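Okay, here's what each chain looks like letter by letter:
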Amino acid sequence: MSTYQTQQREKDLREELVHVGRLLWEKGLIAASDGNISARLDGERVLTTPSGVSKGFMRPEQMVITDMTGRKLNVHDPGSRGLEPSSELLMHLEVYRQRPDVGAVVHAHPPITTAFTIAGISLAQCVLPEVVMTLGSIPTTQYATPSSAQGAEVIRELIRTYDALVLDRHGAITVGKTPTEAYMKMEKVEHTALVTLTARQLGRVGLLPPEEVRKLTAWRRQKLGLPAEYGGEGCVKCGACGREPEQEGSVNIADEEITRLVARVVSRELNRF
């Protein structure tokens, strides 16, 4: 790649990070200065959003360049002077180490998704066919103190297989070849949480039949050129949701108190926007 092409690619990525940050803010998937986005520049450098800046009001020149340890490299750039990468960058760097195919990472705090973790409800069950086809499953990680090295540790194994992870009490992380692709997966996670919440309020969450999960999973592997073990064999075998093989069909959700709790948390979060 020529010097011009390298410079143009960095310029395009800076503008894309700004655009994705604005979308996250407008959709209510982040608040205040929450969230962070990054993209690979090359094998040794990462372009990332600055800490302490609202992702809805960033400028391209504010983006920070780091090495693969998180050390800031563009210290003399006027636009990013005084700005530092987010402490959550450790999670992003872990993704890049584990997934050579990933070109971008988005970490946001979607309110309904986060509320589900507070209520102890998983989004990993195979409920929506389009989720199985695009994401495979959405497992929840163990809890990690935000901005600590634990964040990288709890995603290490799961991110090798899944493109979207719910972080216990700390939002979600999604990956893609581009920042826009990673953002779209974040939208899908929150949409799944909203649909699941609505189904719970209506009283019943129906799981996809195992044979349909296998069919959709096989389609996804073929479409994306994934290895056979990628994402397991759907809900019945991958274990992401803890569902036993003999538990097929629909499950009746009778815990109305949990549903009301989630609804209250979600209502409170949505009223902030």
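Residues numbered from 1 in each chain as written. Predicted model: local features only at pLDDT ≥ 70, side-chain atom pairs only at ≥ 80, totals over all residues. Heavy atoms only, no water.

Chemist: What is the right way to look at the packing of helix 3 (residues 111-118) against helix 6 (residues 179-202) in this model?
Modeler: Two packed helices can be described by the angle between their axes and the distance between those axes. Relative to each other, helix 3 and helix 6 sit at 60°, their axes nearing to 7 Å. Relative to helix 6, the element helix 3 is oriented oblique. When the axes of helix 3 and helix 6 are compared, the crossing they make is left-handed. Here Pro 111, Ile 112, Thr 113 and Phe 116 of helix 3 come into contact with helix 6, specifically with Val 189, Glu 190, Ala 193, Leu 194, Thr 196, Leu 197 and Arg 200. (Axes fitted to C-alpha atoms, helices over the stretch in contact; angles between N-to-C directions. Helix = DSSP H or I, 4+ residues; strand = E, 2+ residues; numbered from the N terminus. Parallel < 35°, antiparallel > 145°, perpendicular 65-115°, else oblique. Left-handed = near helix turned anticlockwise from the far one by under 90°. Contact = heavy atoms within 4.5 Å.)

Chemist: So what exactly am I meant to see when it comes to the packing of helix 1 (residues 3-26) against helix 6 here?
Modeler: For the pair helix 1 and helix 6, interaxial distance at closest approach is 9 Å and the crossing angle is 15°. Here helix 1 lies roughly parallel to helix 6, going by the angle between them. The two elements helix 1 and helix 6 cross, and the hand of that crossing is right-handed. In contact with Leu 13, Glu 16, Leu 17, Val 20, Leu 23 and Leu 24 of helix 1, helix 6 contributes Pro 179, Thr 180, Tyr 183 and Met 186. For the contact of helix 1 with helix 6, the per-class residue count stands at eight nonpolar, one polar and one charged. (Nonpolar A, V, L, I, M, F, W, Y, C, P; charged D, E, K, R; others polar.)

Chemist: Explain the nonpolar core to me, please; I cannot follow it from the model alone.
Modeler: Most often, soluble globular proteins have nonpolar side chains that are buried together. Among the nonpolar cores identified, the biggest contains 38 residues, and Leu 24, Leu 47, Val 106, Phe 116, Ile 138 and Met 186 are the most heavily contacted of them. Contributing elements (two or more residues each) for this core: helix 1, strand 1 (36-40), strand 3 (64-67), strand 4 (104-108), helix 3, strand 5 (164-166) and helix 6. Among the elements that make up this core, the one with the highest residue count is helix 6 (six residues). With sequence-adjacent residues up to four places away left out, Val 106 is seen in contact with Val 20, Leu 24, Asn 36, Ile 37, Ala 172, Ile 173, Thr 174, Pro 179, Ala 182, Tyr 183 and Met 186. Counting residues in hydrophobic clusters, the runner-up holds 18 residues, among them Leu 89, Val 102, Tyr 162 and Val 175. (Core = buried A, V, L, I, M, F, W, Y, C linked by side-chain atoms within 4.5 Å. Buried < 20%, exposed > 50% of the residue type's maximum accessible area, 1.4 Å probe, protein only.)

Chemist: Help me understand the environment of Thr 113 in this model?
Modeler: By the secondary structure assignment, Thr 113 is in helix 3. Sequence separation between Thr 113 and Arg 169 is 56 residues, and the spatial gap between their C-alpha atoms is 9.0 Å. In contact with Thr 113, not counting residues within four places along its chain, are Leu 123, Val 166, Gly 171, Val 189, Glu 190 and Ala 193.

Chemist: Explanation requested: the pattern of salt bridges in the structure shown.
Modeler: Note that side chains of opposite charge can pair when their charged atoms are close. Applying the stated criterion to the full structure yields 16 salt bridges. One salt bridge connects Arg 99 with Asp 163, and the closest N-O pair in it is separated by 2.8 Å. With Arg 99 in the loop between helix 2 (89-98) and strand 4 and Asp 163 in the loop between helix 5 (150-155) and strand 5, this residue pair connects regions lying 64 residues apart in the sequence. Using a relative accessible area of 5% as the deciding quantity, one classes Arg 99 as buried. Among the residues examined, Asp 163 registers a relative accessible area of 6% and is labelled buried. (Salt bridge = Lys/Arg side-chain N within 4 Å of Asp/Glu carboxyl O.)

Chemist: So what exactly am I meant to see when it comes to the pairing of strand 4 here?
Modeler: For a regular strand, side chains alternate in direction, first toward one face of the sheet and then toward the other. Counting buried residues in strand 4 gives five out of five residues, a clear majority hidden from the surface. The alternating pattern of strand 4 places Ala 104, Val 106 and Ala 108 and Val 105 and His 107 on opposite faces, both of which are buried. Inspection of the sheet shows strand 1 paired to strand 4 by four bridges, in the antiparallel sense. Each bridged residue has a counterpart across the sheet, and for Ser 38 the counterpart in strand 4 is Val 105. (Pairing = 2+ DSSP bridges.)

Chemist: Hey, could you run me through the sheet that holds strand 6 (residues 172-176) in this one?
Modeler: Read across the sheet, six strands follow the order 3-2-1-4-6-5 without closing on themselves; strand pairing throughout is antiparallel. Because the sheet does not close on itself, it has two edges, and the strands there are strand 3 and strand 5. Across the sheet, the axes of successive neighbouring strands diverge by a mean angle of 20°, strand direction being ignored. Note that strand 2 (residues 45-48) and strand 3 share four bridges and pair antiparallel. If you follow Thr 48 over to strand 3, its bridge partner there is Val 64. Contacting strand 1, strand 4, strand 5 and strand 6, helix 6 crosses the sheet at an angle of about 140° to strand 6.

Chemist: Honestly, empty space enclosed by the protein in this entry has me stumped. Any pointers?
Modeler: Once rolled over the atoms, a probe with the size of a water molecule shows which space is left empty. With the rule as written, the count across this model stands at two cavities of 30 Å³ or more. What lines the largest cavity is a set of 15 residues, and nearest its centre among them are Ala 144, Gly 151, Val 154, Leu 167 and His 170. Its residues assigned to classes, the lining of the largest cavity shows six nonpolar, seven polar and two charged. (1 Å grid on protein atoms, 1.4 Å probe; cavity = no way out; pocket = protein on both sides within 12 Å on 5 of 7 lines; lining within 4 Å. Points joined across faces, edges and corners; volume = space filled by probe spheres on them.)

Chemist: Just to check I follow, could you spell out helix 6 for this structure?
Modeler: Because the α-helix completes a turn every 3.6 residues, residues three or four places apart line up on one side. Spanning 24 residues, helix 6 covers 35 Å between terminal C-alpha atoms, matching the ideal 34 Å at 1.5 Å per step. Taken together, the buried positions of helix 6 are Pro 179, Ala 182, Tyr 183, Lys 185, Met 186, Val 189, Glu 190, Thr 192, Ala 193, Thr 196, Leu 197 and Arg 200. Positive backbone phi, approximately 110°, marks Gly 203, located one or two places after helix 6. (Expected span 1.5 Å × (residues − 1).)

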